[in-house]
Amino acid sequence: FFDEADAFEDVGVQFHAGDWTGEVLTAAPVTVIDGNVSVGKISWDYDLGLLLITGDLRCEHIGRLGIDLVVGGDLIAKTLCLNTLNDHALVVGGDLRCDYLAEFGCQVKVQGKITCPEVLSLMNEVVAGGGVQGKLIDGLRGEAVAQVLIPEALTADGFFDEDKFSSLVRAGRSPFKA
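For clarity, every value in this text was computed on a predicted model and none was experimentally measured.

## Focus: the packing of aromatic side chains
Moving on, step 1. Tallying each qualifying case throughout the model produces 4 aromatic pairs.
Moving on, step 2. On the numbers, 4.6 Å between centres and 50 degrees between planes, the contact of Phe-104 with Phe-160 is tilted. Residue Phe-104 is located in the loop between β11 (100-103) and β12 (107-110), and its partner Phe-160 is located in the loop between β15 (132-138) and α2 (162-170); the two are separated by 56 residues in the primary sequence.
Moving on, step 3. Ring geometry for Phe-104 against Phe-165: centres 6.5 Å apart, planes inclined by 70 degrees, an arrangement best described as edge-to-face. Here Phe-104, found in the loop between β11 and β12, pairs with Phe-165, found in helix α2; they are 61 residues apart in sequence, far enough to count as distant. You'll find Phe-104 and Phe-165 in the same group, each marked buried.
Moving on, step 4. Three or more aromatic residues joined by ring pairs form one cluster here, namely Phe-104, Phe-160, Phe-165 and Phe-176.

Written out as structure tokens, the structure is:
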């Protein structure tokens, strides 16, 4: 944390009161939005940080995160392909609704329920206080992911490929076997 302290001084904490809408939300080391957010994607320029949204977050896609993301209300997204290299977390105070959710290196904690056809958890855990409405695929490691994913989402030697998986879901294709 203290390795980045000099960068924090230049940008400081960004605070926005009220709802925020835009194509790209670029988070500072600490960004607090007291309201709802509707955005295409989230970006950041630092090795660590916190994005706190007190209301709901509507987002097209959330991918690799280099920050902790805390949403006080509901999170509604088309695709979530979460990887933080096991350094950060996604915490949602309400419900989480999406078409695809894959965790491969991100702690996911949802106070409400998760509504998603298939939830893939490969490294950490996905916790939903209100349960998962959909199929939770948990505990697959290494080559075992080939049991549930199509070859286009895997490396040549049969392991999970983050970039291929994300590309498939962002293109509207299911990475899961029928």
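From this point on, the discussion continues.
## Digging into the sheet that holds strand β14 (residues 126-128)
Strand pairing in a sheet relies on backbone hydrogen bonds, with the paired strands running either antiparallel or parallel.
Moving on, step 1. Across the sheet, 7 strands lie side by side as β1-β3-β5-β7-β9-β12-β14; this open sheet has parallel pairing. Lying at the two open borders of the sheet, with one neighbouring strand each, are β1 (13-17) and β14. With strand direction ignored, the average angle separating the axes of adjacent strands in the sheet is 5 degrees.
Moving on, step 2. Where strand β3 (residues 30-34) meets strand β5 (residues 50-53), 4 bridges bridge the pair, whose relative direction is parallel. Paired with Thr-31 across the bridge in β5 is Leu-51.

## A closer look at the nonpolar core
Moving on, step 1. By size, the foremost hydrophobic cluster in this structure holds 32 residues, and its most contacted members are Leu-57, Ile-62, Leu-69 and Leu-96.
Moving on, step 2. Sorting elements by how many residues they give to this core places strand β8 (residues 75-82) first, with 4 residues.
Moving on, step 3. Among the nonpolar cores identified, the runner-up in size contains 19 residues, and Tyr-100, Ile-137, Val-145 and Ile-150 belong to it.

## Regarding α2
Moving on, step 1. Taken together, the buried positions of α2 are occupied by Glu-162, Phe-165, Ser-166, Leu-168 and Val-169. Taken around the axis of α2, the buried residues stretch over an arc of 160 degrees, which confines them to a single face. Opposite the buried face of α2, by more than 90 degrees, sit the exposed residues Asp-163 and Arg-170.
Moving on, step 2. Where α2 is buried, its residues touch β8, β11 and β13 (114-121).

## Quick look at the pattern of salt bridges
Moving on, step 1. Within this structure, the stated rule accounts for 4 salt bridges.
Moving on, step 2. Two residues, Lys-78 and Asp-99, come together in a salt bridge whose shortest N-O distance is 2.8 Å. Taken together, the residues span a long stretch of sequence, with Lys-78 in strand β8 and Asp-99 in the loop between β10 (96-97) and β11 at a distance of 21 residues.
Moving on, step 3. Classification of Lys-78 by relative accessible area gives partly exposed; the value is 35%.
Moving on, step 4. A salt bridge links Glu-152 to Arg-173, with the nearest nitrogen and oxygen atoms 3.6 Å apart. Of the two residues, Glu-152 is situated in the loop between β15 and α2 and Arg-173 in the segment after α2; the sequence distance between them amounts to 21 residues.
Moving on, step 5. Owing to a relative accessible area of 41%, Glu-152 belongs among the partly exposed residues under this scheme.
Moving on, step 6. A relative accessible area of 40% means that Arg-173 is categorised as partly exposed.

So, how was this worked out
- Residues numbered from 1 in each chain as written.
- Predicted model: local features only at pLDDT ≥ 70, side-chain atom pairs only at ≥ 80, totals over all residues.
- Heavy atoms only, no water.
- Phe/Tyr/Trp six-rings, centres within 6.5 Å; stacked < 30°, edge-to-face > 60°.
- Helix = DSSP H or I, 4+ residues; strand = E, 2+ residues; numbered from the N terminus.
- Buried < 20%, exposed > 50% of the residue type's maximum accessible area, 1.4 Å probe, protein only.
- Pairing = 2+ DSSP bridges.
- Axes fitted to C-alpha atoms, helices over the stretch in contact; angles between N-to-C directions.
- Core = buried A, V, L, I, M, F, W, Y, C linked by side-chain atoms within 4.5 Å.
- Arc of directions from axis to C-beta.
- Contact = heavy atoms within 4.5 Å.
- Salt bridge = Lys/Arg side-chain N within 4 Å of Asp/Glu carboxyl O.

Everything listed here is a matter of coordinates, which is why it stays silent on function.
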